[in-house]
Amino acid sequence: MSFPVVITGMGAVTVFGDGCTALFEALRKGESGLHELRGIAVARGKNRSAQIEDPRRTGPWRLSDMAVDAAREALAQSGGPAPGVTGLYVGTTGGDNRALEDRWEDFLAARRALAAGAEPQVDDELAEAMVRFPIGVLADVLAHRLGIEGPRYAVTNACASGTTATAMALLALRQGTVDRAVVVGADHLKATSYWGAERAGFVGHDLRPFHADRDGSVLGDGAGALVLERATDVAARGGTPLAGLAGWAITCDDNPHAIIPPEDGASNAEAVRLALADAGLSPEDVDYFNAHGTGTPLIDRLETASAKLVFGDRAGQVAISSTKSIVGHLAAASPIIEAIATVYCLTEQWVHPTAKLDRIDPALTLDYVPLRGRPQRIRAAVSNSLGGGGTNAVLAFRPQDSAPAAQEMLEPVPDAFEPVSDVVVTGTGAVSRLGDGSDALEAAYGPNAAPGRTRPFSVLDHIDAAAGYQYLSRSAQLGFGAAAQAMADAGLPVPLPAEGPLAGRRVAVVMGTAVGGLSAMAETLCPHLSADPTRITPSMSLDHGPQLAATLVCRAAGVTGPMVTLISGPAAGLQAVEVGRALLAAGACDIVIAGGGDAGDAPTRDAARLLASRQGRAGEEPTDSAACVVLERADGARERGAPVRAVVTGCASWSEPQAPDRTDAAAGALTRCLTAVGADGADRPHLSYHVGKGNLSDTGEVKLLASGFQPEALGGALAAGPLLAVVAAVARVAVEPGAAAIVSTVAPGGSAAALRLAGPDGGRG
Amino acid sequence: MNDTKDRLRRVLVESLRLDLAPEAVPDTGLREAVGIDSVMGLEFLIWVENEFGIQIQDEDLSVELVDSLDTLAAYVDERAAQTAAARD
């Protein structure tokens, strides 16, 4: 059983100024807010932007300021404080990492000094820029400044990130993991994103979606925020819903190319159909389609094809408009701004126009609402998002004041959430400095475990060179390597069949990372930006997206189900399992490939060393690492004869509002996670696998025994660390009758996560 | 001209990471033979710009330009001559 979810607060910071009111006025006028690009060398005359030029919004931390203000506006409107648990879901592609990119030469100078044994010059701002370079730290900064305690997730799926974050929040509200969700999407224009996108042919001279002369998108700055709650809770507290968030879906492109989406729109159409089905709506109910609407020739054709596939003969009667034509392309912020625009249109029963559309591409034949908005009955609306790397993410909305809908909204949505049987682990994979595979982790039980690798990890051990994976970001290769092992261990064919019980569309990939390929991307692009940006080629940025580990798994294995990349620091690997369980519980898939990985590349290693030496402590050396588990519902796994290695009886994460540079353990958060997952086995001892700081003696009812597993043996495994511990613990509980284990971790920024495993017999011995 | 084509063959193989000897790159029908999509076309052309120190005009920067080595070599030689003339 599941409960309808409603939007109760919205906040926006855009080129039109602070606040949703400024945004709504701009939508009404239907005029583009684009202006001249500033502060970045112009490529090929593409000199437009939607940058925010407010003099108050300057300085290295302007993005988090914008995100905080958007969230405050949304929270104020929602009228909290809400009772219960508040979750924070942040979607971003760049977070605050521009601060370090802008100072890359200083960073390089400090690294050279470090290598030469000299005293590195690291001022406070440069140190903070290193701390905030992993983009998920934006979530920690927001939680700290807003005082939000509870589950906290940073999501990155390129330009669909805001929608992915919203979908996860919707799922968590339905399943009762949280009682209120604050969803934030935020990004600002950086030289790396502008040049990376321009080189790949994505940036145009103007932003004119669906126009005959369109030639690309125009990027800008922005932050958007939503507050979501269950309709029943809002009614009980006398709050005012703005609209119903009725459904979600995420699919991965069925496509051989890693980045360019297929023009036929079929994978996108599948996401729209699934979102409508999830909402209990049919395509006939939809009157408004808020497009991704980038103004790139291909994506506009793709969305048109998608709308025709979904709506069939009715496609010409569904109003379509592009919010980006007015506010610009704001990367991960755009989906939230577009959700807000959609809610506004639903509330007003009016459709905002597509700006500048004075000559529609004759090849595009639908109703794009050119130039002027118009009153329109909207019974339901969808907002569509695409993310480079294969993500299609769709949200379905219903108006709040339509009487029949309002009536239905108080009824549980049928079939949206079935009580789930146990979730089991059917396969594991590991890449660590101890070697490849679960067996290599046995060395971590020794008192003096030494690096056991005889040669570095090679992705070519897992896929043919013709696939080209060896050219992509190291962190993506590592994640893929662990996933390939786990799939083989689970007896899954690669590629998966298109139909049948193991169909690729019924499989989800959820990957966690702390840094992803963003360190490699900055290391590649930043020196060119200061020397000669025209030497930047498309692959320099396209090869390094932090979402690429998931993309590589999907491409190689033929997965077309939900794909999510979490970038919430060292806890992200465990959170991948947590989100994977939620997807299984929601019936969104039958199998989840949940992994995590990070590369010990030069910028990541050097930043860790510089920060450690500045704080006068020894730091862990970041090292190439990845881990993966295949998760399935127990009944499904048994049905297909899969090897059941362990049962995941619980997985939870929790974060206290702490500054991101605080590395002391969040004791309260850790205790809360341990208690949550340990409730199932309160009467018995658990082998303990703990990664990171933290005192495990203060764990209330949960009994823990030393497992002997020494996470220090893994080196600095970042997001893979806790998941490597899971892989080791699975191997242990699989062979010890009646054994159970708890894997836990704490991370900077006040975060903690824990997972409980029982043996294949359910730990009953 | 032949020198330009040889350099283009080498740059094509290197930029697109082709598992192919440069001599094996055909003169015509490259898009079909090598399977060059729009992003690959841009990758190759930006490598060409860097290799020859030229700037390809916006309106020419498309996958159409990379279909024939003769056409591309003629274009590159012309741009290189213009660039050299502009420097004098």
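Residues numbered from 1 in each chain as written. Chains lettered and ligands numbered in written order. Predicted model: local features only at pLDDT ≥ 70, side-chain atom pairs only at ≥ 80, totals over all residues. Heavy atoms only, no water.

Draft legend 1. Expanded view of the overall build of chain B. Secondary structure summary: chain B contains four helices and zero strands in total. Ordered by position in the sequence, the α and β elements of chain B form the string α-α-α-α. The C-alpha atoms of chain B give 12 Å as radius of gyration, which agrees with the globular expectation for 88 residues (12 Å, within 12%). The principal-axis extent of the C-alpha atoms belonging to chain B is close to 40 × 25 × 20 Å. Per-residue burial for chain B yields a buried fraction of 43% across its 88 residues. Intrachain contacts of chain B at a sequence separation of at least 6 include 64% that bridge at least 24 residues. In the structure as shown, chain B presents an accessible area of about 4400 Å², 47% of it carried by carbon and sulfur atoms. (Helix = DSSP H or I, 4+ residues; strand = E, 2+ residues; numbered from the N terminus. Rg over C-alpha atoms; globule rule 2.2 N^0.38 Å. Buried < 20%, exposed > 50% of the residue type's maximum accessible area, 1.4 Å probe, protein only. Contact = heavy atoms within 4.5 Å. Areas by Shrake-Rupley, 256 points an atom, 1.4 Å probe, with all protein chains shown as cover.)

Draft legend 2. Region of the structure containing the packing of helix α1 (residues 20-29) of chain A against helix α13 (residues 334-348) of chain A. Residue and element names in this part refer to chain A. Two elements in contact, α1 and α13, have axes whose closest approach is 11 Å; the angle formed by their N-to-C orientations is 70°. Judged on the interaxial angle alone, α13 and α1 are roughly perpendicular. Crossing hand, α1 versus α13: right-handed. Of α13, the residues touching α1 (which contributes C20, L23, F24, L27 and R28) are I337, I340, A341, Y344 and E348. (Axes fitted to C-alpha atoms, helices over the stretch in contact; angles between N-to-C directions. Parallel < 35°, antiparallel > 145°, perpendicular 65-115°, else oblique. Left-handed = near helix turned anticlockwise from the far one by under 90°.)

Draft legend 3. Focus on the UniProt feature "domain: Carrier" (unreviewed entry) in chain B. In the numbering adopted here, UniProt assigns the feature "domain: Carrier" (unreviewed entry) to residues 2-80 of chain B. Along residues 2-80 of chain B one finds 59% helix and 0% strand; the C-alpha atoms at either end are 15 Å apart. (UniProt positions renumbered as here; feature names shortened; annotations may be inferred.)

Draft legend 4. The arrangement of α13 of chain A in detail. Residues and elements named next belong to chain A. With 15 residues, α13 extends 21 Å from end C-alpha to end C-alpha; this agrees with the ideal 21 Å at 1.5 Å per step. Counting buried positions over the 15 residues of α13 gives 13, a clear majority of the element. With its phi angle positive at about 50°, Q349 sits one or two positions after the end of α13. (Expected span 1.5 Å × (residues − 1).)

Draft legend 5. Structural detail: the nonpolar core. Residue and element names in this part refer to chain A. Ranked by internal contacts, the top residues of the largest apolar core, which has 190 residues, are Y89, L228, L566, L631, Y689 and L757. Take this core: its biggest share by element is 10 residues, from helix α23 (residues 720-735). With residues up to four places along the chain from it excluded, the contact list for L757 reads V425, A646, V647, V648, V726, A729, V730, V733, A740 and A741. By size, the runner-up hydrophobic cluster in this structure holds 39 residues, among which are I463, V507, L552 and C554. (Core = buried A, V, L, I, M, F, W, Y, C linked by side-chain atoms within 4.5 Å.)

Draft legend 6. Representation of the confidence of the model for chain B in the model. Across chain B, the average pLDDT comes to 90, with 99% of residues at 70 or higher. Listed scores for the predicted complex are pTM 0.96 and ipTM 0.92. (pLDDT = per-residue confidence, 0-100.)

Draft legend 7. Broad picture of the side chain of H211 of chain A. Residue and element names in this part refer to chain A. Checked against the element boundaries, H211 lands in the loop between α8 (191-199) and β8 (222-230). Taking the relative accessible area as the measure of exposure, H211 reaches 2% and is therefore buried. The residues touching H211, leaving out its near neighbours within four places in the chain, are K356, L357, D358, R359 and D361.

Draft legend 8. Just the pairing of strand β16 (residues 423-432) of chain A, in detail. All names here are of chain A. For β16, the buried fraction is high: 10 of the 10 residues fall into the buried class. With three bridges joining them, β16 and strand β22 (residues 646-655) adopt antiparallel strand pairing. Note on β22: the bridge partner recorded for V425 is A646. Here β16 runs beside strand β17 (residues 435-436); their pairing, made up of two bridges, is antiparallel. Residue pairing for β17: S432 is matched across the bridge by G435. (Pairing = 2+ DSSP bridges.)

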